[in-house]
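Single-letter residue listing:
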Amino acid sequence: MRCAFRPGDLPVRQIHSGWYSDKYFLRSLEVLKREGRHPHVVMQIFCKKSALLCGIKEAVTCLKAGSHPSGRVKIYALRDGNSIKPWETVMHVAGDYTAFAHLETVYLGILARRTSVASAVRAAVKASAKSRARCKSRMAIRGVPRARLASSSAPSASKGKCSFSAARHTIS
């Protein structure tokens, strides 16, 4: 599967400046830099409910392109298309927190949106298959011609949005 965007497509200058970041991440970064601190952290990224994981490649691309070159960042992640359970860690990001603190809003947003869409599509396909199977069995009993079965509509299968969170563990 191809990544939806390349590093050259990202507005790296705006990402580095914090244009897309929540203010509290920027304030944390400002305090750390002012005090000359560069804590090494491990971030655990997780979803709060069962879902079909999607957007990992884009999130990793964002982290690689948007992190400051001064700090090395290591990323370990599951693959797009994996089914995940609530609170299951889908990605670890390790390194100097000042190198990637400003990216948290961006990569969590990518994961949340892509995973929500993929999970909703999977739920709709499952609901459609069940609905068609029930419809076919009922119609077969009543003697309805097969041509009418193909146009039956499936109920809405949206199960809400997926939200991702990050837990930070300071190592040094």
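Residues numbered from 1 in each chain as written. Predicted model: local features only at pLDDT ≥ 70, side-chain atom pairs only at ≥ 80, totals over all residues. Heavy atoms only, no water.

Moving on, we come to the overall build of the protein. Each helix and strand counted, the protein has six helices and six strands in total. A buried classification covers 40% of the 172 residues belonging to the protein. Considering only intrachain contacts with a sequence separation of at least 6, the fraction spanning at least 24 residues in the protein is 83%. On the protein, roughly 10,500 Å² of surface is accessible, and the fraction owed to carbon and sulfur atoms is 54%. (Helix = DSSP H or I, 4+ residues; strand = E, 2+ residues; numbered from the N terminus. Buried < 20%, exposed > 50% of the residue type's maximum accessible area, 1.4 Å probe, protein only. Contact = heavy atoms within 4.5 Å. Areas by Shrake-Rupley, 256 points an atom, 1.4 Å probe, with all protein chains shown as cover.)

Among the structural elements, Glu 104 can be located in helix 5 (residues 104-142). Residue class for Glu 104 comes out buried when judged on its relative accessible area of 4%. Apart from the residues lying within four places of it in its own chain, the contact partners of Glu 104 are Phe 25, Met 43, Tyr 97, Ala 166 and Arg 168.

Another point: the packing of aromatic side chains. Tallied over the full model, the rule gives two aromatic pairs. Ring geometry for Phe 46 against Trp 87: centres 5.2 Å apart, planes inclined by 35 degrees, an arrangement best described as tilted. Of this pair, Phe 46 sits in strand 1 (residues 40-47) while Trp 87 sits in the loop between strand 4 (83-84) and strand 5 (89-96), and the two are 41 residues apart along the sequence. Looking at Phe 46, the relative accessible area reads 13%, which means it is buried. On the basis of relative accessibility, which here comes to 54%, the residue Trp 87 falls in the exposed class. With a centroid separation of 5.8 Å and an interplanar angle of 85 degrees, the aromatic rings of Tyr 97 and Phe 100 are classed as edge-to-face. Within this pair, Tyr 97 and its partner Phe 100 are both found in helix 4 (residues 97-100), separated by three residues, close to a single helical turn. With respect to class, Tyr 97 is no different from Phe 100; both count as buried. (Phe/Tyr/Trp six-rings, centres within 6.5 Å; stacked < 30°, edge-to-face > 60°.)

If you walk through the whole model with that rule in mind, you get one salt bridge. A salt bridge links Arg 34 to Glu 30; its shortest N-O distance comes to 3.7 Å. On the criterion of helical spacing, the pair formed by Arg 34 and Glu 30 is a turn pair, its members being four residues apart in helix 2 (residues 23-34). By relative accessible area, Arg 34 is classed as exposed at 58%. (Salt bridge = Lys/Arg side-chain N within 4 Å of Asp/Glu carboxyl O.)

Counting 31 residues, the largest nonpolar core has Met 43, Ile 45, Met 91, Tyr 97, Phe 100, Tyr 107 and Phe 164 as the members making the most contacts within it. Where this core is concerned, the elements lending two or more residues are helix 2, strand 1, helix 3 (56-66), strand 5, helix 4, helix 5 and strand 6 (164-170). Here this core takes six residues from helix 5, the largest share from any one element. Excluding residues that lie within four positions of it along the chain, Met 91 makes contacts with Met 43, Gln 44, Ile 45, Ala 59, Val 60, Leu 63, Ile 75, Tyr 76, Ala 77, Tyr 107 and Leu 111. (Core = buried A, V, L, I, M, F, W, Y, C linked by side-chain atoms within 4.5 Å.)

There is a patch of nonpolar side chains on the surface, built from Val 117, Val 121 and Val 125 and spanning about 240 Å² of accessible area. Inspection of the secondary structure puts Val 125 in helix 5. Taking the relative accessible area as the measure of exposure, Val 125 reaches 54% and is therefore exposed. (Patch = residues over 30% accessible without salt bridge, like charges linked within 9 Å, V, L, I, M, F, W, Y side chains within 5 Å.)

Before going further, it helps to spend a moment on the confidence of the model for the protein. Of all residues in the protein, 68% have pLDDT values of 70 or greater, and the mean over the chain is 77. Here residues 146-158 scores under 50 on pLDDT; set against residues more than four positions off or in separate chains, the count is 15 contacts. (pLDDT = per-residue confidence, 0-100.)

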